[in-house]
Amino acid sequence: MSYSSARDAAVRSALAQVKTIASRAPLNRASLSEILDQLLPLASNKDWWQAGDFSPPEEGERHARYLISEEPDQTFALYLNVMRPGKKIAPHNHTTWATIAAVEGVEFNHLYQRTDDGSQEGVATLALQETLEVGPGKGVALLPDDIHAVEIRGEAPIRHLHLYGRALETLTERISFDLDTQRYAPMPIGVATRRK
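Notes on the structure in this doc start here. Worth saying up front: this structure is predicted, and the values here are computed from it rather than measured. (Residues numbered from 1 in each chain as written. Predicted model: local features only at pLDDT ≥ 70, side-chain atom pairs only at ≥ 80, totals over all residues. Heavy atoms only, no water.)

### What to know about the overall build of the protein
- If you tally the helices and strands in the protein, you get 2 helices and 12 strands.
- Secondary structure elements in the protein, listed N-terminal to C-terminal, are α-α-β-β-β-β-β-β-β-β-β-β-β-β.
- If you line up the protein on its principal axes, its C-alpha atoms span 55 × 45 × 30 Å.
- Buried residues in the protein amount to 44% of all 196 residues.
- In the protein, 75% of the contacts between residues at least 6 apart in sequence involve partners at least 24 apart.
- Here the protein has roughly 9800 Å² of accessible surface; of this, 48% comes from carbon and sulfur atoms.
- Distance between charge centres in the protein, computed from 21 positive and 26 negative side chains, equals 3 Å. (Helix = DSSP H or I, 4+ residues; strand = E, 2+ residues; numbered from the N terminus. Buried < 20%, exposed > 50% of the residue type's maximum accessible area, 1.4 Å probe, protein only. Contact = heavy atoms within 4.5 Å. Areas by Shrake-Rupley, 256 points an atom, 1.4 Å probe, with all protein chains shown as cover. Lys, Arg positive; Asp, Glu negative; His and termini not counted. Charge placed at Lys NZ, Arg CZ, Asp CG, Glu CD.)

Laid out in structure tokens, this is it:
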């Protein structure tokens with residue numbers, strides 16, 4: 001069986017399990033942990049996610065995102081992110097659940113707690129709660145209102161799988177936070193998703 005055939009079969013199997021978990025009840029941290037447990041084995045097969053099928057960003061770019069799978073209604077969207085050192089994504093929420101698992105390299109995830117009362121439109125204060133180093137064999141699971149920032153350090157591109165309850169292209173209510181100005185605004189999708 002070719003790498004792509006084995007990968008596609010494994011993705012279908014893992015997502016079938018994810019859908020079963022998600023259908024049981026409203027998602028919470030425990031069920032999201034179960035979903036992450038389905039994603040980690042996919043990420044552990046490094047040969048499935050290499051540059052032959054998923055090229056790194058072009059020179060001068062820091063991020064390439066590939067759509068691996070999604071349902072016809074754009075739910076259960078799985079992406080491979082390939083990011084170069086120096087890439088930073090400001091603190092943001094997702095408005096849907098998200099799980100991230102490392103294929104190779106470390107994605108630093110800075111997790112924040114919102115500390116204001118939300119009474120002022122466009123204004124927010126955040127406090128850093130912890131920083132997780134998401135490297136091979138590790139992952140992170142986020143509820144819709146969780147806030148995280150991403151930073152890529154080191155010398156080589158990283159490859160991570162990101163699985164969302166809804167496709168990024170549908171997440172029009174996401175917000176991005178500016179720590180310096182203590183303001184927030186709608187978050188653009190960023191780089192265009194590449195489809196295989």
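Picking up after the structure, the text goes on.
### A look at the environment of Tyr-3
- Checked against the element boundaries, Tyr-3 lands in helix α1 (residues 3–23).
- Along the backbone, Tyr-3 and Asp-53 are 50 residues apart, and their C-alpha atoms lie at a distance of 9.9 Å.

### Observations concerning the sheet that holds strand β1 (residues 63–69)
- Spatially, the 6 strands line up as an open sheet ordered β7-β4-β9-β2-β1-β12, and their pairing is mixed. Each edge of the open sheet carries a strand with a single partner, namely β7 (139–142) and β12 (193–195). The sheet shows a mean angle of 25° between the axes of neighbouring strands, direction not considered.
- Where α1 meets the sheet, it contacts β1, β2 (75–83) and β9 (158–166), and its direction lies at approximately 130° from that of β2.
- The strands that helix α2 (residues 29–44) touches are β2, β4 (98–104), β7 and β9; relative to β4, the one it contacts most, it runs at about 25°. (Pairing = 2+ DSSP bridges. Axes fitted to C-alpha atoms, helices over the stretch in contact; angles between N-to-C directions.)

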